[in-house]
Amino acid sequence: GAVVSQHPSRVICKSGTSVKIECRSLDFQATTMFWYRQFPKKSLMLMATSNEGSKATYEQGVEKDKFLINHASLTLSTLTVTSAHPEDSSFYICSASGRTATQETQYFGPGTRLLVL
Amino acid sequence: SQQGEEDPQALSIQEGENATMNCSYKTSINNLQWYRQNSGRGLVHLILIRSNEREKHSGRLRVTLDTSKKSSSLLITASRAADTASYFCATPGEGGSEKLVFGKGTKLTVNP
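A brief report on the enclosed structure follows. Please read these numbers as outputs of a predicted model, since none were measured by experiment.

## Quick notes on the overall build of chain A
In terms of regular secondary structure, chain A is built from zero helices and eleven strands. For chain A, the N- to C-terminal ordering of α and β elements is β-β-β-β-β-β-β-β-β-β-β. Computed over C-alpha atoms, the radius of gyration of chain A comes to 13 Å, within 12% of the 13 Å expected from 2.2 N^0.38 for 117 residues, which places it in the range of a compact globule. Viewed in the frame of its principal axes, chain A has a C-alpha envelope of about 40 × 25 × 20 Å. Sorting the 117 residues of chain A into buried and exposed places 53% on the buried side. Looking at chain A as shown, the accessible area adds up to about 5700 Å², and 52% of this sits on carbon and sulfur atoms. Across chain A, the mean location of the 12 positive side-chain charges is 7 Å away from that of the 9 negative side-chain charges.

Below, the structure is given as structure tokens:
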């Protein structure tokens, strides 16, 4: 149980375009979803926390207009990287916690590797 | 500031040996978690230990927590090549929020 999927797993886009990444909890209701960014050989950096039906809370230094987060349902959150630039290239990972899963534990998606050319 | 700091940063051992990774943190916590990440993949939750627990076991994993020293250790016994991964400790964010703060991780390589 407590499976989280992410789509796409890998995306290459041109500079200036927008990319949407989906995060789904498959077998539990995710009241909270988290979006992380990870640089090569580095730890995870929390970008934002989103609760279903409300605006996301962004961490300091993360541009909310650039990284649009929507958590419209208890099983789906999306991260849209707008007007992507090469420096946005990274590994993006979502996680979810929720009512029917152990709340203190986050369940992670497999990640999305974004390459902006 | 970095909450969890693992050491060593990298560890290379032979199959069958035990691997010990340590994590130190700065603030008071009510639990600490360990996660594993295979290269290029998401994280997998391994174990959660609460502040009132000193030791916890799960299969070949043994986690200890010393709240007086603000440190935790993860021991993997009888390691296998498949244990090769990065291991992160994670503690709750400020005020015990739902957020997790991850350490920098220990990259474990188990050589066959």
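Past the structure itself, the notes keep going.
## So, the pairing of strand E4 (residues 32-38) of chain A
Residues and elements named next belong to chain A. Summarising burial for E4: seven of the seven residues are buried, a large majority. Neither face of E4 is exposed, since Thr32, Phe34, Tyr36 and Gln38 on one face and Met33, Trp35 and Arg37 on the opposite face are all buried. Sheet topology note: the E4/strand E5 (residues 44-51) ladder contains seven bridges and is antiparallel. By the bridge assignment, Phe34 is partnered in E5 with Thr49. Turn length for the E4-E5 hairpin, with the two strands adjacent in sequence and antiparallel, is five residues, and the turn residue Lys41 shows positive phi of about 60°. Inspection of the sheet shows E4 paired to strand E9 (residues 90-97) by seven bridges, in the antiparallel sense. Residue pairing across strands places Met33 opposite Ala96, the latter belonging to E9.

## Details of the interface of chain A and chain B
At the interface, 21 residues of chain A touch 18 residues of chain B. Buried surface at the junction of chain A and chain B, summed over both partners, amounts to about 1500 Å²; 49% is from carbon and sulfur atoms. Contact with chain B buries area across many residues of chain A, yet Ser43, Glu104 and Phe108 of chain A alone supply 33% of it, more than any other trio. Applying the counting rule to chain A against chain B returns one salt bridge. Here Glu59 of chain A ties to Lys99 of chain B by a salt bridge, and the two come within 3.0 Å at their closest N and O atoms. For the side of chain A that touches chain B, the residue count by class is eight nonpolar, nine polar and four charged.

## Some thoughts on the layout of surface pockets
Residue and element names in this part refer to chain B. Looking at the largest pocket, its volume works out to about 650 Å³. Sorting the residues of the lining of the largest pocket by element identifies strand E9 (85-92) and strand E11 (106-111) as the ones contributing at least two each. In terms of residue count, the dominant contributor to the lining of the largest pocket is E9 (three residues). Looking at the lining of the largest pocket, its residues break down into six nonpolar, twelve polar and five charged.

## Observations concerning the pairing of strand E3 (residues 19-24) of chain B
All names here are of chain B. Here E3 shows one buried face, formed by Ala19, Met21 and Cys23, and one open face, formed by Thr20, Asn22 and Ser24. In this structure, strand E1 (residues 5-7) lies alongside E3, joined through three bridges in antiparallel fashion. Following the sheet pairing, Glu5 is matched in E3 by Ser24. Bridge analysis of E3 against strand E8 (residues 71-76) gives six bridges, and the strand direction is antiparallel. Paired with Ala19 across the bridge in E8 is Ile76.

## Concerning the nonpolar core
Core analysis: the biggest nonpolar cluster contains 26 residues, and Val4, Phe28, Trp35, Phe67, Leu79, Tyr92 and Leu114 of chain A have the highest contact counts within it. Looking at this core, the elements with two or more residues in it are strand E2 (10-13), strand E3 (19-25), E4, E5, strand E7 (67-73), strand E8 (76-81), E9 and strand E11 (112-116) of chain A. Formed by 21 residues, the second largest nonpolar core is a distinct cluster that contains Trp34, Leu46, Ile47 and Val110 of chain B.

## A closer look at unusual backbone geometry
Residue and element names in this part refer to chain A. The residue after His7, namely Pro8, is reached through a cis peptide bond having omega 0°. The phi dihedral of Lys41 falls on the positive side, at around 60°, and the residue is not glycine. Mapped onto the elements, Lys41 comes out in the loop between E4 and E5. When its relative accessible area of 87% is taken as the criterion, Lys41 is described as exposed. The phi torsion at Ser83 lies on the positive side, around 45°, for a residue other than glycine. What makes Ser83 partly exposed here is its relative accessible area of 35%.

Conventions we followed
Every chain begins its residue count from 1, and numbering advances along the sequence as written. As they are written, the chains are lettered A onward and the ligands numbered 1 onward, keeping that order. Under the rules for a predicted model, residues below a pLDDT of 70 receive no local features and side-chain atom pairs below 80 are neither given nor counted, while totals for whole chains, interfaces and linings still include all residues. Values reported for side chains reflect all heavy atoms of the structure, with hydrogen atoms and water molecules removed beforehand. Helix and strand definitions follow DSSP, with helices as H or I runs of at least four residues and strands as E runs of at least two, each counted in order from the N terminus. Both definitions apply: the radius of gyration is a C-alpha atom measure, and the globule rule equals 2.2 Å times residues to the power 0.38. Any residue under 20% of the maximum accessible area for its type is buried, any over 50% is exposed, and the rest in between are partly exposed; the area is computed with a 1.4 Å probe on protein chains only. Using a 1.4 Å probe, accessible areas were evaluated by the Shrake-Rupley method; residue-level cover was limited to the displayed protein chains. Charged residues are defined narrowly, with Lys and Arg counted positive, Asp and Glu counted negative, and His plus the chain ends left uncounted. Note that the charge is assigned to NZ on lysines, CZ on arginines, CG on aspartates and CD on glutamates. Two strands pair under a simple rule: DSSP has to find at least two bridges between them. We call two residues in contact whenever any of their non-hydrogen atoms come within 4.5 Å of each other. Summed over both partners, the accessible area (1.4 Å probe) lost when two parts come together is defined as the buried area. Any Lys or Arg side-chain nitrogen located within 4 Å of an Asp or Glu carboxyl oxygen qualifies as a salt bridge. Here the term charged refers only to Asp, Glu, Lys and Arg, the term nonpolar to Ala, Val, Leu, Ile, Met, Phe, Trp, Tyr, Cys and Pro, and the term polar to all other amino acids, Gly among them. Cavities and pockets were defined on a 1 Å grid built over protein atoms only: a cavity is a set of grid points that admits a 1.4 Å probe from which the probe cannot escape, a pocket is an open set flanked by protein on both sides within 12 Å along at least five of seven lines, and lining residues are those with an atom within 4 Å of any such point. Grid points are joined across faces, edges and corners, and a volume is the space filled by probe spheres set on the points. In plain words, nonpolar cores are sets of buried Ala, Val, Leu, Ile, Met, Phe, Trp, Tyr and Cys residues tied together by side-chain atoms within 4.5 Å.

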